[in-house]
Amino acid sequence: MELHHKKHHQTYVNGLNAAEESYAKAQSPKEQIKLQPALKFNGGGHINHSLFWKNLAPESQGGGQLSAGPLKDALVADFGSVDAFKKKMNTVTAAIQGSGWGWLGYNPETKKLEIVTTANQDPLLSHVPIIGIDIWEHAFYLQYQNVKADYLNAIWNVINFKEAERRYVEASKQ
């Protein structure tokens, strides 16, 4: 994860800064429009990874521990059980072809938790992000030797459910 944080995330930050600088210097709307893909890709990469790092905690600091509370209650209500949620989240996320993100999101219209995916570095706009799982190969190719299923099964040991619950409680108030 250190390589992931220091190299990959930093690349998105650098790319976003460069795109924003170019945008500010652009002489015409056409030049600004041409920069939209770089802004979306690098901006999404920075936003998604910023959420991702907060999603994680070492087991010694509570990672993987979901206590009784509003988030657990909602997972049981919306998916039948916490294990059923994890299984569905892993299945949907593993099915992403190429690069992308698996998300547990809060749908403000239905007031329910839902599993959704986004391609590449597209940020989650349709839901409030509660938990995001990076499924780009850079997230798991070294430690899990490119075996998505092993990575997805292991990530639950370091998910910061306290942060996820904080996001859920905040989102459900709106």
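Going by the structure above, here's the rest.
What counts and what doesn't
- Residues numbered from 1 in each chain as written.
- Predicted model: local features only at pLDDT ≥ 70, side-chain atom pairs only at ≥ 80, totals over all residues.
- Heavy atoms only, no water.
- Helix = DSSP H or I, 4+ residues; strand = E, 2+ residues; numbered from the N terminus.
- Contact = heavy atoms within 4.5 Å.
- Axes fitted to C-alpha atoms, helices over the stretch in contact; angles between N-to-C directions.
- Parallel < 35°, antiparallel > 145°, perpendicular 65-115°, else oblique.
- Nonpolar A, V, L, I, M, F, W, Y, C, P; charged D, E, K, R; others polar.
- Buried < 20%, exposed > 50% of the residue type's maximum accessible area, 1.4 Å probe, protein only.

**Looking at the environment of Val76**
Then, number 1: With respect to the helices, strands and loops of the structure, Val76 is situated in helix α4 (residues 70-79).
Then, number 2: Here Val76 is in contact with Ser81 and Val82, once residues within four sequence places are set aside.

**Things to note about the packing of α4 against helix α5 (residues 82-94)**
Then, number 1: One way to put it is that α4 packs onto α5 with a least axis distance of 8 Å and a crossing angle of 70°. Looking at the two axes, α4 sits roughly perpendicular to α5. Along the contact surface, α4 presents Lys72, Leu75, Val76 and Phe79, while α5 presents Val82, Ala84, Phe85 and Lys88.
Then, number 2: Class assignment for the residues of the contact of α4 with α5 results in 6 nonpolar, no polar and 2 charged.

**Brief notes about unusual backbone geometry**
Then, number 1: One non-glycine residue, Lys111, lies in the positive phi region at around 65°.
Then, number 2: By the element assignment, Lys111 lies in the loop between β1 (100-107) and β2 (112-119).
Then, number 3: Since its relative accessible area comes to 46%, Lys111 is described here as partly exposed.
Then, number 4: Even without being glycine, Asn120 reaches a positive phi, approximately 50°.

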